[in-house]
Amino acid sequence: MNQIEITKLMEESSVDAVNYVREEYDIHLDFSLESISQIDRVLLWSVAKLKDQAKKDEFIFVICNMLGSYVGETFRKHIGGEWIYDETDPQAPTVLLSFSSHTFAFPGICYQKLINDINTSVKKYFELAISNVTQ
């Protein structure tokens with residue numbers, strides 16, 4: 001996947017996140033820095049939905065990439081950056097946002113919260129990412 005394709009995919013996925021969260025939870029995401037805290041709430045609610053999902057792996061993939069793209073696109077709008085499609089491991093390609101010699105795994109932090117540790121904070125990760133590139 002080239003730079004143009006991954007950027008388009010992540011931009012479209014972030015719009016999907018806005019629509020999904022509005023339809024599913026009646027929350028308006030507006031790409032503001034403050035809206036990132038809503039992603040933590042949506043991921044917590046998604047943990048409960050996992051029990052009802054027949055296709056759990058697909059749900060996990062879609063929700064983490066969709067919400068992660070929203071977080072990344074919010075970062076891009078306020079700070080900057082470029083999406084990278086990392087195929088170092090062909091069995092598990094990774095999408096990262098690169099800015100100022102740093103990379104951030106926004107879809108990955110959503111996965112971490114959803115699957116491994118509900119106490120993980122997407123908002124804190126986002127704030128740390130901003131702090132790392134603006135000092």
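Residues numbered from 1 in each chain as written. Predicted model: local features only at pLDDT ≥ 70, side-chain atom pairs only at ≥ 80, totals over all residues. Heavy atoms only, no water.

Student: Mind showing me how you'd approach the sheet that holds strand 3 (residues 102-104) here?
Tutor: Hydrogen bonds along the backbone pair up the strands of a sheet, which may run parallel or antiparallel. Pairing in this open sheet of three strands is antiparallel, and the strands run 1-2-3 from one edge to the other. Edge positions in the sheet fall to strand 1 (82-86) and strand 3, since each of these pairs with one other strand and no more. On average, each strand axis in the sheet is tilted by 40° relative to the strand beside it, whichever way the strands run. Direction of pairing for strand 2 (residues 94-99) relative to strand 3: antiparallel, over a ladder of three bridges. Within strand 3, the position partnered with leucine 97 by the bridge is phenylalanine 104. Here helix 5 (residues 122-134) sits on the sheet in contact with strand 2 and strand 3, set at roughly 170° to strand 3. (Pairing = 2+ DSSP bridges. Helix = DSSP H or I, 4+ residues; strand = E, 2+ residues; numbered from the N terminus. Axes fitted to C-alpha atoms, helices over the stretch in contact; angles between N-to-C directions. Contact = heavy atoms within 4.5 Å.)

Student: So what exactly am I meant to see when it comes to helix 5 here?
Tutor: Because the α-helix completes a turn every 3.6 residues, residues three or four places apart line up on one side. With 13 residues, helix 5 ought to run about 18 Å at 1.5 Å a step, and its terminal C-alpha atoms sit 18 Å apart, in line with that. Looking at the buried positions of helix 5, the neighbouring elements they touch are helix 2 (36-50), helix 3 (56-78), strand 2, strand 3 and helix 4 (106-116). You can read the cap of helix 5 off the contacts: a side-chain oxygen lies 3.4 Å from the backbone nitrogen of lysine 123, and it is on serine 121. (Expected span 1.5 Å × (residues − 1). Polar contact = N/O pair within 3.5 Å; in protein donor to acceptor, adjacent residues only side chain to side chain.)

Student: I keep staring at unusual backbone geometry and nothing clicks. Help me out?
Tutor: Leaving glycine out, the prevailing phi sign among residues is negative, and the prevailing peptide bond configuration is trans. Notably, phenylalanine 31 is not glycine yet its phi reads approximately 65°, a positive angle. Here phenylalanine 31 lies in the loop between helix 1 (3-25) and helix 2. Even without being glycine, serine 101 reaches a positive phi, approximately 65°. Mapped onto the elements, serine 101 comes out in the loop between strand 2 and strand 3.

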